[in-house]
Every structure is written in C-alpha cells, then in structure tokens.
Amino acid sequence: MIAARFALLLSAMFAAIGTTLPFFPPFLAAAGLSPQGIAAVLFAGSLTRMVAGPLLGRVADRRGMRGVLAICALAAAAVQLAFALVPWGMAGVIVVMVALHVLYSCAMGPLIPLSESLTVSAARNGAFDYGRVRSIGSVAFIAASAVAGVLVGAWGLGVIPLIVCAALLVAAFAALLLPEAAARRTPGHGSFMAPLSDPLFRRILILSALIQGSHAAAYGFSAIHWAAAGHSATTIGLLWAEGVVAEIILFLYAKPLAERLGWSGLTMLAAGAGLVRWAILAETTWLPALIFAQSLHALTFGAQHLCAMRLLSEHMPAGQVGAAQTLHSSLGTGLSIMLMTLLSGQLYASIGGQMFWAMWALCVPALFLARGLKDWGK
C-alpha cells in the first residue's frame, strides 16, 4: 500500500514532465517565439528552479515535505491553466511566457527532488524496492509522451497545458496520501547550503552538471529539430517514450546493477553512452538512428540518476536530505541545463543539429572525473 502511494506520486509528476519536455518548446514556438526566445524562456525557468528549489527544500526539511509538495503541485497546476489562456501571437508574448514560466518553475523546483528524496528514504527503510517504484514513474512518462503526441496531432499544441495541469492536480492529491513521516519535521543542520561542505557531495554535483547538463539540447530543441526534418508529432512523442522504455528496464534491475558497478561505474557508463548518443544526434535525423540514440537515454540519464540517488541516500545525514536533494537538482543539473539551454538556442539558430557536439564535449571530462568516485564508492 505504501509503495502504491509513492508510485502514484511519481507517476503524476513524471506524467507532467513527460508532456512538457518534448512538447513545451514546440508550444512556445507555436505561440510565436523564436529559437532565441524559447531559450530565454527555458533559461528563466532553470534560473528560477536553481534558486527556489534549495530554499523550498530547506523549508520542507523544517516544516514537513508532504505539505510543501501538495501546495507546490497545486500552484504549478494553476500556472498551467494560465498558459492555456495566453493568446498566441499577441504583442509581448515572450514577456508573458517568461513570467508564467518563472512562476511555474518556482512551484516545480522542489517537486521532483523532494518526491525522489521521500521515495529513496522509504525504500532505504525497507518499505519497497526504489528501482521498481521509480520504474512506474517512467512508465507514466512514456504514456504521457505518447498520449500527448497523439492529442497534439488531433487537437494541436494548445492541449499541452491542460494535460500538465491534470497531472499536477493528481500529484497534489497523491502528496496528501503519503505516510505521516512525510509530514514530520526534521531538525536541520546549518543552512540550506550546508551540504556543499561535503567533498563527495561537491564531486557528484560536478559530475551531474556535466552528464545531466549534456541533455539540454535534447530537452530544448530535439522535438523542433526532428519536426523540421519531417517527423510527425506522434513519431516525436513515441521517440521520447521509446527512450524511457530502456530506462524502465534499467530501473527494474537497478539494485543489482548499482551494487555491481558502484558509484564510479554507473557514472562512467552514463558518460560513455553520452559520447555515443550526442554524436549520433549531431549527425543525422534518420529515424532508425534516432531510435537507437533515444534508447541510450536509459544510460545517459538513468545510470547517472541512479548513482546520484544512491549516493545521496547512503551518504547524507537525515537533517540535510531535503536540502541536498534540491541543491543537487538545482546546482547539479539545473544550473548546467540552464546555461547549456541558453547556448543551445544560439547554436541551433546558427548550426542546427550540430549543436549536439557541444553536449558531446561535456561527457569527455565526466568520463575521467567519474573514476574519482572510487575514493568513496565501491
């Protein structure tokens, strides 16, 4: 029963993300924004999450995570309704979109890291297997991407905010169903920046910044790039969904894989897969190649995510878990994605798909830095 509650929460969260990641940039393009304008909106959102996430994570440590999750999910759902009401092509649309995305990102900032933190904590206490519950969230991501692609093909991109709003309302309800431990206050240790004093935490921040940050071009512009190459909205949705199928398989076998490879092995696997994936996307939009490249998302994202979640759950003290998770999300991934998204907008406007070579370059130092995790890991 406890596992089902966490599965519902993660499913709703990842349904929202599975809709926005592939289709929010095209939604902005349809509203009249240029590639640079899209990058500016995404940049503003990343900057907001970077600041709001750790602050709200510290609030959650002190006030209880369940209430913070529910309030933030409701606020994010309200902003999505506002997105649906913005007239496309209106004067100053970029200002409106930036303002709304800032509000949305503020509410979304702590949602995923706190949900992951609570799930990892419950799994660590023996309630269930984290990888298997997390895989249900990935299934929801797939379903949302595929369904959104079909609905966009039938009714247009204006349906995207409505889908996301519905998912977030379910997330708010699911947060209220979490066990009492999720509402319990935890005595904090130091400020919300306290985890940065830990050398292992700092190293995983750098590695996540390089590896997860290398996804910025794919998150921001792959759907636009593939659409320009002639692929339909349904195909694009299925490409995103197909990438997560392999991720689900990875999460199903996460526990033995993590125990065998250790922190260093998981990170090296992620960086090596990134070198292959981004090189393919830089050079072709041929559908069979895209299918193969998207399957590598299981490694480029999944393996590094497993490393970070395992490390944070095993290493950080209880009073800093919320702060550590949100700091990792904000600085370890958000800051890098923010900067790389801004760069990707400029690169895509000038060189198109060749922008993926910049993402490839991020994985090179990560491959070597990952070996340093052996100092602490397996």
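The following refers to the structure shown. (Residues numbered from 1 in each chain as written. Predicted model: local features only at pLDDT ≥ 70, side-chain atom pairs only at ≥ 80, totals over all residues. Heavy atoms only, no water.)

Within the chain one finds 15 helices and zero strands. Relative to its length of 378 residues, the chain is compact, with a C-alpha radius of gyration of 19 Å against a globular reference of 21 Å. Its C-alpha atoms give the chain principal-axis dimensions of roughly 50 × 40 × 35 Å. Every one of the 378 residues in the chain was classed for burial, and the buried ones make up 58%. Long-range contacts, defined here as pairs at least 24 residues apart, represent 86% of the contacts in the chain between residues at least 6 apart. For the chain, the accessible surface area stands at approximately 14,100 Å², while carbon and sulfur atoms represent 70% of it. In the chain, which carries 20 positive and 11 negative side-chain charges, the distance between the mean positions of the two groups comes to 6 Å. (Helix = DSSP H or I, 4+ residues; strand = E, 2+ residues; numbered from the N terminus. Rg over C-alpha atoms; globule rule 2.2 N^0.38 Å. Buried < 20%, exposed > 50% of the residue type's maximum accessible area, 1.4 Å probe, protein only. Contact = heavy atoms within 4.5 Å. Areas by Shrake-Rupley, 256 points an atom, 1.4 Å probe, with all protein chains shown as cover. Lys, Arg positive; Asp, Glu negative; His and termini not counted. Charge placed at Lys NZ, Arg CZ, Asp CG, Glu CD.)

Our focus in this paragraph is the packing of helix 10 (residues 233-252) against helix 13 (residues 297-315). The description of two packed helices rests on the angle between their axes and on the distance between the axes. One way to put it is that helix 10 packs onto helix 13 with a least axis distance of 8 Å and a crossing angle of 40 degrees. Judged on the interaxial angle alone, helix 13 and helix 10 are oblique. Between helix 10 and helix 13 lies a crossing of right-handed hand. Together, Gly243, Ala246, Glu247, Leu250 and Phe251 of helix 10 and His297, Ala298, Phe301, Gly302, Ala303, His305 and Leu306 of helix 13 make up the contact between the two elements. When grouped by side-chain class, the residues that make up the contact of helix 10 with helix 13 number seven nonpolar, four polar and one charged. (Axes fitted to C-alpha atoms, helices over the stretch in contact; angles between N-to-C directions. Parallel < 35°, antiparallel > 145°, perpendicular 65-115°, else oblique. Left-handed = near helix turned anticlockwise from the far one by under 90°. Nonpolar A, V, L, I, M, F, W, Y, C, P; charged D, E, K, R; others polar.)

Our next topic: the environment of Arg134. Position of Arg134 relative to the elements: it lies in helix 6 (residues 130-155). Each C-alpha atom, one on Arg134 and one on Pro22, is 20 Å from the other, the two residues being 112 residues apart in sequence. Setting aside its immediate chain neighbours within four residues, Arg134 contacts Leu10, Phe14, Glu116, Glu247, Phe251, Phe301 and His305. Looking at Arg134, its side chain comes within polar contact range of the side chain of Glu116, at 3.0 Å. (Polar contact = N/O pair within 3.5 Å; in protein donor to acceptor, adjacent residues only side chain to side chain.)

Take helix 10 next. Spanning 20 residues, helix 10 covers 29 Å between terminal C-alpha atoms, matching the ideal 28 Å at 1.5 Å per step. Looking at helix 10, one finds that the buried residues are Ile236, Gly237, Leu239, Trp240, Ala241, Gly243, Val244, Glu247, Ile248, Leu250 and Phe251. Its buried side turned inward, helix 10 meets helix 1 (2-30), helix 6, helix 9 (216-228), helix 11 (254-283), helix 12 (287-295) and helix 13. (Expected span 1.5 Å × (residues − 1).)

So, about the nonpolar core. The nonpolar side chains of a soluble globular protein tend to be buried, and buried together. Leu69, Met97, Leu168 and Phe356 are the most contacted members of the largest nonpolar core, which has 123 residues in total. Element by element, the count of residues in this core is highest for helix 1, at 14 residues. With sequence-adjacent residues up to four places away left out, Leu69 is seen in contact with Leu9, Met13, Pro110, Leu111, Leu114, Ser115, Leu118, Ala175 and Leu178. (Core = buried A, V, L, I, M, F, W, Y, C linked by side-chain atoms within 4.5 Å.)

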